[in-house]
Amino acid sequence: MFGGERAQSEVLGTVLLLGLTVAVVGTTVALGGAALDDSQTRADLQRVEGAMTQMDSKASLVAHGGSPSQRVSFGTRTGTGTGDLSVDHDAGRMVIAENETGDEIVNASLGALVYERDGTRIAYQGGGVWRSDGDRSRMVSAPEFHYRGETLTVPLVTISENATVDGDGVILTSEGSPKGHVAQNPVVDDIRVTVTGDYHEGWATFFESRTDTRIVDRGENSVTVLLRSELRGDGVRYSMGTFGTSKFNLRSIGSLTADSYDSGGAGPNESRDNAVVSAGGDIDSPNGKGNDPTYVTIKGDLRAQYDIKPNPNGIRNGNHPINVTGNITQQADIEDPNPVEGYVFSAFNKYDTRYGNVTAASYSSWADLRDDTPITSRSSVADGLDVSGGSETYRVEDAEVIASDGDEDDTGADGDLSVDGGTVTLNASGGHAGFRFDNADLSGGKLVLNVTDGDLDLRVDGDFSLSGDGANPTKIKVEGDGNARIYVGGDLSLEGASEVTVEESAELRVFHDEPDGDIQIGDGDDDTGVSVSTGTNEPASSFWLFSNADELGFDGDDAPIDLTGVVYAPNAAVNDAEGDITIRGALTVDRFSDIDDAHFTIRYDEALATAEVFDEVEQVPTINYLHVSTQEIRIEDD
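What you are looking at is a predicted structure, and each value in this text was computed from that prediction instead of being measured.

**Considering the overall build of the chain**
No. 1: The number of helices and strands found in the chain is four helices and 45 strands.
No. 2: Sequence separation of 24 or more characterises 70% of the internal contacts of the chain that already satisfy a separation of 6 or more.
No. 3: As displayed, the chain has an accessible area near 26300 Å², and 42% of this comes from carbon and sulfur atoms.

**Details of the pairing of strand S44 (residues 598-605)**
No. 1: The element S44 is largely enclosed, with a buried count of six among its eight residues.
No. 2: As judged from the seven bridges shared by strand S17 (residues 255-262) and S44, these two strands associate in the parallel manner. Note that in S44 the partner of Thr-257 across the bridge is Thr-601.
No. 3: As paired elements, strand S42 (residues 573-589) and S44 share seven bridges and run parallel to each other. Of the residues in S44, the one forming a bridge with Ile-583 is Ile-602.

**Brief notes about unusual backbone geometry**
No. 1: In this structure, Asp-118 is a non-glycine residue whose phi angle is positive, near 50°.
No. 2: For Asp-118, a relative accessible area of 63% corresponds to the exposed category.
No. 3: Residue Asp-398 is not a glycine yet carries a positive backbone phi of 50°.
No. 4: As for its placement among the helices and strands, Asp-398 is situated in strand S28 (residues 385-403).

**Remarks on the packing of aromatic side chains**
No. 1: According to the stated counting rule, one finds 15 aromatic pairs in the structure shown.
No. 2: By way of ring pairs, the aromatic residues Phe-348, Tyr-351, Tyr-355, Tyr-487, Phe-511, Trp-544, Phe-546 and Tyr-568 are connected into one cluster.
No. 3: Taking the ring centre of Trp-544 as reference, the NZ or CZ of Arg-509 above it sits at 4.9 Å.

**Examining the pairing of strand S29 (residues 417-437)**
No. 1: Both S28 and S29 contribute to a ladder of 15 bridges, which runs parallel. When the bridges of S29 are listed, Ala-399 appears paired with Ala-433.
No. 2: Taken together, the six bridges between S29 and strand S31 (residues 455-460) define a ladder with parallel strand orientation. From the neighbouring strand, Arg-436 faces S31, where its bridge partner is Arg-459.

**Quick look at the sheet that holds strand S45 (residues 625-637)**
No. 1: A sheet is described by the order of its strands in space; here five strands give the open sequence S1-S11-S45-S10-S9, paired in mixed fashion. If you trace the sheet from one side to the other, it starts and ends with strand S1 (69-73) and strand S9 (146-148), each paired once. Strand-to-strand, the axes of this sheet are offset by a mean angle of 30°, without reference to chain direction.
No. 2: Note: S9 against strand S10 (residues 151-159), three bridges, orientation antiparallel. Counted as the bridge partner of Arg-148 is Thr-151 from S10.

**Here's the deal with the sheet that holds strand S7 (residues 128-132)**
No. 1: Across the sheet, which stays open at both edges, the five strands sit in the order S2-S5-S6-S7-S8 with antiparallel pairing between neighbours. Looking at the sheet topology across the chains shown, the edges are occupied by strand S2 (84-88) and strand S8 (137-141). Here the strands of the sheet are splayed against their neighbours by 25° on average, with no regard to which way each runs.
No. 2: Of the strand pairs in this sheet, strand S5 (residues 112-117) and strand S6 (residues 120-125) are connected by five bridges, and their pairing is antiparallel. For Glu-116, the partnering residue across the bridge sits in S6 and is Arg-121.

**Section: helix H4 (residues 341-355)**
No. 1: Taking 1.5 Å of rise per residue, 15 residues should cover 21 Å, and H4 covers 22 Å from first to last C-alpha, within 8% of that figure.
No. 2: With 12 of 15 residues buried, H4 is to be regarded as a mostly interior element.
No. 3: Listing the buried residues of H4 in full gives Glu-341, Gly-342, Tyr-343, Val-344, Phe-345, Ser-346, Ala-347, Phe-348, Asn-349, Tyr-351, Asp-352 and Tyr-355.
No. 4: Of the residues flanking the end of H4, it is Gly-356, one or two places downstream, whose phi is positive at about 60°.

**Overview of the nonpolar core**
No. 1: The biggest cluster of nonpolar side chains holds 85 residues, and the ones touching the most others in it are Phe-464, Phe-554 and Phe-600.
No. 2: The element that contributes the greatest number of residues to this core is S29, accounting for eight residues.
No. 3: Apart from residues lying up to four places away in sequence, Phe-554 is in contact with Ile-521, Ile-561, Val-574, Asp-576, Ala-577, Glu-578, Ile-581, Ile-583, Leu-587 and Phe-600.
No. 4: Counting 32 residues, the second-largest nonpolar core is a separate cluster that includes Leu-152, Tyr-199, Ile-215 and Ile-623.

**Some points on the confidence of the model for the chain**
No. 1: Looking at the chain, pLDDT values average 85 and 87% of them are 70 or higher.
No. 2: Ignoring residues within four places in sequence, the model shows residues 616-620, a span with pLDDT below 50, making 10 contacts including any to other chains.

**Quick look at the environment of Thr-534**
No. 1: Structurally, Thr-534 is set in the loop between strand S39 (530-533) and strand S40 (543-547).
No. 2: Residue classification places Thr-534 among the buried residues on the basis of a relative accessible area of 0%.
No. 3: Residues contacting Thr-534, with those up to four places away along its chain left out, are Val-502, Glu-503, Glu-504, Pro-539, Ser-542, Phe-543 and Thr-564.
No. 4: Here the side chain of Thr-534 touches Pro-539 through a polar contact of 2.9 Å, landing on its backbone oxygen.

**Section: empty space enclosed by the protein**
Once rolled over the atoms, a probe with the size of a water molecule shows which space is left empty.
No. 1: Per the counting criterion, the structure on display carries four cavities of 30 Å³ or more.
No. 2: Of the pockets and cavities examined, the largest cavity occupies roughly 130 Å³.
No. 3: Around the largest cavity sit 14 residues that line it, and Phe-464, Leu-492, Leu-494, Val-510 and Phe-543 are the ones nearest its centre.
No. 4: At the level of elements, strand S32 (464-468), strand S34 (483-488), strand S35 (492-496), strand S37 (507-512) and S40 are the ones that each hand at least two residues to the lining of the largest cavity.
No. 5: Across the lining of the largest cavity, the residue classes tally to 14 nonpolar, no polar and no charged.

**A few points about the side chain of Arg-378**
No. 1: Here Arg-378 is to be found in the loop between strand S26 (361-363) and strand S27 (379-381).
No. 2: A polar contact of 2.9 Å, which involves the side chain of Arg-378, links it to the side chain of Glu-400.

**Quick look at the environment of Pro-310**
No. 1: With respect to the element layout, Pro-310 can be found in the loop between strand S23 (308-309) and helix H3 (312-316).
No. 2: Considering only alpha carbons, one finds Pro-310 and His-320, 10 residues apart in sequence, at a separation of 9.6 Å.

**Some details on a negative patch on the surface**
No. 1: On the surface, Asp-469, Asp-523, Asp-525, Asp-527, Asp-557, Asp-558, Asp-576, Asp-580, Asp-594, Asp-596 and Asp-597 cluster together into a negatively charged patch.
No. 2: Along the polypeptide, Asp-558 turns up in strand S41 (residues 551-568).

Conventions and cut-offs
- Residues numbered from 1 in each chain as written.
- Predicted model: local features only at pLDDT ≥ 70, side-chain atom pairs only at ≥ 80, totals over all residues.
- Heavy atoms only, no water.
- Helix = DSSP H or I, 4+ residues; strand = E, 2+ residues; numbered from the N terminus.
- Contact = heavy atoms within 4.5 Å.
- Areas by Shrake-Rupley, 256 points an atom, 1.4 Å probe, with all protein chains shown as cover.
- Buried < 20%, exposed > 50% of the residue type's maximum accessible area, 1.4 Å probe, protein only.
- Pairing = 2+ DSSP bridges.
- Phe/Tyr/Trp six-rings, centres within 6.5 Å; stacked < 30°, edge-to-face > 60°.
- Lys NZ or Arg CZ within 6 Å of the ring centre and 35° of its normal.
- Axes fitted to C-alpha atoms, helices over the stretch in contact; angles between N-to-C directions.
- Expected span 1.5 Å × (residues − 1).
- Core = buried A, V, L, I, M, F, W, Y, C linked by side-chain atoms within 4.5 Å.
- pLDDT = per-residue confidence, 0-100.
- Polar contact = N/O pair within 3.5 Å; in protein donor to acceptor, adjacent residues only side chain to side chain.
- 1 Å grid on protein atoms, 1.4 Å probe; cavity = no way out; pocket = protein on both sides within 12 Å on 5 of 7 lines; lining within 4 Å.
- Points joined across faces, edges and corners; volume = space filled by probe spheres on them.
- Nonpolar A, V, L, I, M, F, W, Y, C, P; charged D, E, K, R; others polar.
- Patch = residues over 30% accessible without salt bridge, like charges linked within 9 Å, V, L, I, M, F, W, Y side chains within 5 Å.
- Salt bridge = Lys/Arg side-chain N within 4 Å of Asp/Glu carboxyl O.
- Lys, Arg positive; Asp, Glu negative; His and termini not counted.
- Charge placed at Lys NZ, Arg CZ, Asp CG, Glu CD.

Dropping the structure here:
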């Protein structure tokens with residue numbers, strides 16, 4: 001009896017073992033098959049990018065008279081699991097017009113030859129090649145817009161309505177002769193260019209990289225840019241600017257003290273009288289009878305684009321609780337600030353271009369990266385980085401490390417950076433080092449960005465939050481003599497006991513790209529608030545915060561805010577500011593409201609007057625002469 005039971009058990013065990021083996025093998029094959037499919041998709045898209053770039057070159061020959069026809073093969077092998085090649089006649093439109101009059105120079109349908117696979121599109125449009133991954137488009141190959149001196153020539157290539165594609169090879173021929181579009185030369189007005197369609201963001205990046213461009217409107221499916229006819233000077237020449245058309249109500253402010261210092265000279269220990277407070281609208285100055293205590297002191301100039309009320313003479317005669325030592329000017333010639341959208345978008349695009357879409361090597365844990373040898377190829381880690389004690393260092397040289405399990409197709413992150421104790425060091429061991437996370441939550445401990453041997457990029461696709469407390473403050477330190485960049489795609493908050501330190505020979509730029517988001521600075525407790533320091537002489541040019549957010553809040557009520565640097569958020573309304581707020585550098589916003597309990601101390605760093613704000617903008621050409629032409633090409637099956 002017992003022998004029979006043992007025999008049945010052995011059979012049952014064998015069956016279970018075989019079943020488990022089949023399940024494991026099946027899972028392995030399934031996972032391996034998915035990985036193989038992903039690899040094949042990436043290889044296919046890279047191949048098509050090359051073919052589209054080749055087509056770009058051949059289409060240029062046809063469009064500009066260098067050849068009557070050209071052939072291009074894409075090798076798409078229809079029906080073998082690759083993508084689809086087609087002509088999209090509704091892919092976009094470009095309108096070029098004079099900015100002031102609105103007179104159109106050209107209004108053309110662009111069309112596009114599109115290869116699409118698994119949600120990614122690679123397209124030839126307007127003489128350039130573009131790639132769209134759904135959320136964002138980028139330029140692969142630039143269209144042939146030419147600069148010679150101060151002349152911009154726009155030979156726009158469009159696709160004929162007769163174009164059709166049904167195979168994997170095409171023949172390109174020209175349709176007629178180029179059509180000229182006469183504009184007034186020399187250009188006496190800025191030129192407005194609107195591009196609509198799936199690749200509008202890539203077009204915006206192109207214009208930014210070739211001209212001194214302002215993005216003036218950015219919709220879900222369009223971008224409008226201004227090509228300037230004259231170049232504006234660089235540098236920041238005001239300490240506090242509110243450049244919207246709303247009134248700057250100094251009557252309602254808790255207090256304002258503005259002076260200047262020179263970080264290139266004696267530093268912040270010397271109080272100088274070169275502050276400039278500027279407003280793009282009216283200024284309502286405080287009322288008084290001459291014996292009220294002064295609560296607005298400006299050691300420098302007060303300037304308004306429109307009126308200063310009740311009147312400038314009352315301020316000069318000391319009849320109001322406001323003391324201005326310099327000039328008081330209404331109806332002043334105040335230039336609009338450079339729009340920030342284009343610069344922020346360009347910064348994100350440069351990150352994408354720098355690290356590309358090279359297939360990432362995979363690691364299962366961040367511990368696999370913790371040694372003295374830097375990572376030198378694009379890599380992904382199938383987990384977030386969570387540090388709550390001890391000391392950890394990660395070294396990268398001319399490569400990017402992504403916190404991703406691969407579900408984002410190696411182009412985005414799905415793992416977070418979390419630090420609530422200990423020290424984590426991200427080290428640029430040479431060239432450019434990139435680290436990319438989904439969100440970043442620093443609630444204690446220390447994050448070191450080491451730029452001694454290279455430049456470092458920290459990309460956070462979602463929210464970035466600093467929120468320490470008195471017992472466990474959050475610290476970020478940039479050490480070395482290189483450049484650190486932080487890219488934030490969600491909300492940005494610097495709260496609680498948070499300390500940012502940038503060594504005097506280093507630079508930290510924060511790019512915040514969330515037009516509908518906000519920035520919160522402050523909300524500390526126990527007299528320990530938010531601080532940003534940049535060295536002994538506190539050079540403001542060592543820390544920059546660029547944001548296209550529409551709201552900015554300062555909370556220095558329970559603990560003061562003490563910040564050295566430039567906060568450049570020209571779209572933002574300061575709808576909530578309270579407590580003690582000190583900024584050594586400059587503050588640019590759209591408008592102020594609800595600032596009754598805010599006590600601002602703005603100390604302008606005079607060295608900002610010659611600082612490089614927008615990365616070598618002085619080398620970007622402007623337009624004095626403009627020539628526009630359009631040439632249709634026909635695309636047919638080979």
